[in-house]
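Spelled out from the first residue to the last, the chains are:
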Amino acid sequence: MTKLDQIRAAEAKLLLSTYERNPILFVGGEGVHIVDENGTSYLDLLSGIGVNALGYNHPVIEEAIARQSRALIHTSNLFYHEGQAELALRLTECTGLDRVFFANTGTEAWEGALKLARAYAGLKRTEGVNIGTKFLALEQSFHGRTFGSVSTTYKAKYREPFGPVVPGVEFVRFNDVADLRAKFSNEVCAILVEAIQGEGGVRPLTQQFFAEARSLATSTGALLIVDEIQAGMGRTGKWCAYQHYGIQPDVTTLAKPLAGGIPLGAMLCTEEAARAIHAGMHGTTFGGGPLACAVAIAVIDHIEKENLMAHATEVGDYFQQQLRSLAARHNAIVDVRGKGLMLAAELDSADLAKLTVSEMLKRHILINCTSDTVLRFLPPYILERAHVDTAIAALDEIFTEHASAVGTAQTPTQILGDPNHG
């Protein structure tokens, strides 16, 4: 048996059956490439589902890990360490918000945001404000796998096996301002959005919808909570995707690329919303540990020093332009969308989308398919135009060979999906 065969056999016996893995054993990486056990290099346009912002084996991350591991890896949140305040300062400057709660993952950060919204509504009620406990989330939303997060996640396949989920959530049609207005009332404690939906198919909010959500929340004292777990920390060319709209939320959540591969999430809020939380109400053992904070500080500083957000904008614009040129040559591509290095090409067939991911893998290029028909691209921020050209040439070849032979799928299958929010 090969080493891969041995690992697959052991996992089949020992692990809970939560993932359908591709039969590849990765052992290393460099830059935008990840390497398997045979030494084959793959161009990674998925970056660990949006996590590896600086790619693989980056010296800035290696140095931060080595330096901090020699000093202090963990101490509980019962005591101080040097990293949290320093990182919190950077994050408040990045987001325009005032206070931070550190978590381990995106879904845990989202749980914190939901708890804060309910607690803040409770505080407002004691102050005489008529406000309820209901959440408005969006159709096609994805916020994670824990109970609160999955309750605000739209697709039934994520929620129904675990029902009944947390009550008090209603879903609004995506970008439908009239539906938002109709479902909003003083029973709502928070409106929950992603500025650009990730798992939902890389779909941006319209300016009108986002502005209306902000206006409605303000009108009653409800919170506007923006999930930036996939779109945030520079991926779209700004620290947060909501900054493209000029709209400021009351709460936001960050995770995936925050510490460049080390698990770390964060929930940020305004000073006003923070009034609802006092010592003992919420907490975590591992969130915001010394190692994760040190790496996140190094990642943020490197993004700023190397102007990687401007680079993400420039290379992302080129990538999107090339995808649009590809769409002009292939009718199978029905839409191209996204911002910076968070991009998607929607196809007219779920079968073709599945096939394309498989064919790209054969060509040693990693992408994935989300929402059945959407090819999603979340490459490291260090991607170059030459890498884009390689991917576009491969896609052109695949569509030329296969698009006309694949009909529209009736029962789509998703592979390489997002296994969690963090």
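Quick caveat, the model's predicted, so the values are computed rather than measured.

Moving on to the overall build of the chain. From N to C terminus, the chain includes 14 helices and 17 strands. With the C-alpha coordinates of the chain rotated into their principal frame, the extents come out at 65 × 55 × 45 Å. The burial tally for the chain puts 54% of its 422 residues in the buried class. For the chain, the distance from the average site of its 36 positive side-chain charges to the average site of its 47 negative ones is 4 Å.

This part is about the layout of surface pockets. The volume enclosed by the second largest pocket comes to roughly 770 Å³. Around the second largest pocket, the lining comprises 26 residues; the ones closest to its centre are Val 100, Phe 101, Phe 102, Ile 277 and His 282. Listed by contribution, the elements that provide at least two residues to the lining of the second largest pocket are helix H4 (83–95), strand S4 (99–103), helix H5 (106–126) and strand S12 (265–269).

Once that is clear, we can look at the sheet that holds strand S16 (residues 368–370). Strand order in the open sheet made by the four strands is S13-S14-S17-S16, with antiparallel pairing throughout. Both edges of this open sheet fall to strand S13 (333–339) and S16, since each of them pairs with a single strand only. Here the strands of the sheet are splayed against their neighbours by 30 degrees on average, with no regard to which way each runs. Direction of pairing for strand S14 (residues 342–347) relative to strand S17 (residues 374–377): antiparallel, over a ladder of four bridges. Across the sheet, Glu 346 pairs through a bridge with Val 374, a residue of S17. The sheet contacts of helix H12 (residues 308–329) involve S13, S14 and S17, and relative to S13 the element is tilted by about 175 degrees.

What follows is about the confidence of the model for the chain. Residue-level pLDDT values for the chain average 95, and 96% of them are 70 or greater. Per-element mean pLDDT across the chain ranges from 95 in helix H7 (residues 156–159) up to 99 in strand S10 (residues 223–227). This stretch, residues 408–422, has a pLDDT under 50; its non-local contacts, to residues over four places away or in other chains, come to 51 contacts.

For the rest of this paragraph, the subject is the packing of H4 against helix H11 (residues 290–305). At a closest axis distance of 9 Å, the pairing of H4 and H11 adopts a crossing angle of 30 degrees. Where H4 crosses over H11, the two elements pack in a sense that is left-handed. Residue-level contacts link Gly 83, Gln 84, Glu 86, Leu 87, Arg 90 and Leu 91 of H4 to Cys 293, Ala 296, Ile 297, Ile 300 and Asp 301 of H11. For the contact of H4 with H11, the residue count by class is six nonpolar, two polar and three charged.

For the rest of this paragraph, the subject is H4. Compared with an ideal rise of 1.5 Å per residue, which puts 13 residues at 18 Å, H4 spans 18 Å between its outermost C-alpha atoms and is within 8% of the ideal. Those residues of H4 that fall on the buried side of the exposure criterion are Gly 83, Leu 87, Ala 88, Arg 90, Leu 91, Thr 92, Cys 94 and Thr 95. Contacts from the buried residues of H4 go to S4, strand S11 (251–254), S12 and H11. Remark: Gly 96 follows H4 within two positions and exhibits a positive phi of approximately 80 degrees.

As a further point, take the pattern of salt bridges. In this structure the tally under the stated criterion is 23 salt bridges. Residue Arg 173 is joined to Asp 179 by a salt bridge in which the shortest nitrogen-to-oxygen separation is 3.5 Å. Judged by relative accessible area, which is 6%, Asp 179 ranks as buried. Of the charged contacts in the structure, one is a salt bridge between Arg 329 and Asp 396, with a shortest N-O distance of 3.5 Å. Here the residue Arg 329 occupies a position in helix H12, and Asp 396 occupies one in helix H14 (residues 385–402), the gap between them amounting to 67 residues. By relative accessible area, Arg 329 is classed as partly exposed at 47%. Here the residues in one salt-bridge network are Glu 359, Lys 362, Arg 363, Glu 397 and Glu 401, joined through shared partners.

What follows is about the nonpolar core. One finds Leu 87, Leu 91, Ile 191, Phe 210, Leu 224 and Ile 225 to be the most contacted residues of the largest nonpolar core, which totals 90 residues. In this structure Ile 225 touches Trp 110, Ala 113, Ala 117, Ala 190, Ile 191, Leu 192, Val 193 and Val 251, once residues within four positions along its chain are discounted.

Before going further, it helps to examine the side chain of Thr 373. Looking at where Thr 373 falls in the secondary structure, it is placed in the loop between S16 and S17. For Thr 373, a relative accessible area of 17% puts it in the buried group. Those residues in contact with Thr 373 that sit more than four places away from it in its chain are Ala 345, Glu 346, Leu 347, Ser 349, Ala 350 and Ala 353.

Going through the model one piece at a time under the given rule, you end up with five aromatic pairs. Ring geometry for Phe 142 and Tyr 158: centres 5.2 Å apart, planes at 70 degrees, overall edge-to-face. Of this pair, Phe 142 sits in the loop between strand S5 (134–138) and helix H6 (147–151) while Tyr 158 sits in helix H7; the two residues are 16 residues apart in sequence, bridging distant segments of the chain. With respect to class, Phe 142 is no different from Tyr 158; both count as buried. Aromatic pair Tyr 154 and Phe 171: ring centres 5.3 Å apart, planes at 80 degrees, arrangement edge-to-face. Highlighted residues: Tyr 154 in the loop between H6 and H7 and Phe 171 in strand S6 (residues 169–172), separated in sequence by 17 residues. On the basis of relative accessible area, Tyr 154 is assigned to the partly exposed category, the value being 25%. Phe 171 sits in the buried class, given a relative accessible area of 15%. Over the ring of Phe 174 we find Arg 203; its NZ or CZ atom is 4.1 Å from the centre of that ring.

Reading the values: the criteria
- Residues numbered from 1 in each chain as written.
- Predicted model: local features only at pLDDT ≥ 70, side-chain atom pairs only at ≥ 80, totals over all residues.
- Heavy atoms only, no water.
- Helix = DSSP H or I, 4+ residues; strand = E, 2+ residues; numbered from the N terminus.
- Buried < 20%, exposed > 50% of the residue type's maximum accessible area, 1.4 Å probe, protein only.
- Lys, Arg positive; Asp, Glu negative; His and termini not counted.
- Charge placed at Lys NZ, Arg CZ, Asp CG, Glu CD.
- 1 Å grid on protein atoms, 1.4 Å probe; cavity = no way out; pocket = protein on both sides within 12 Å on 5 of 7 lines; lining within 4 Å.
- Points joined across faces, edges and corners; volume = space filled by probe spheres on them.
- Pairing = 2+ DSSP bridges.
- Axes fitted to C-alpha atoms, helices over the stretch in contact; angles between N-to-C directions.
- Contact = heavy atoms within 4.5 Å.
- pLDDT = per-residue confidence, 0-100.
- Left-handed = near helix turned anticlockwise from the far one by under 90°.
- Nonpolar A, V, L, I, M, F, W, Y, C, P; charged D, E, K, R; others polar.
- Expected span 1.5 Å × (residues − 1).
- Salt bridge = Lys/Arg side-chain N within 4 Å of Asp/Glu carboxyl O.
- Core = buried A, V, L, I, M, F, W, Y, C linked by side-chain atoms within 4.5 Å.
- Phe/Tyr/Trp six-rings, centres within 6.5 Å; stacked < 30°, edge-to-face > 60°.
- Lys NZ or Arg CZ within 6 Å of the ring centre and 35° of its normal.

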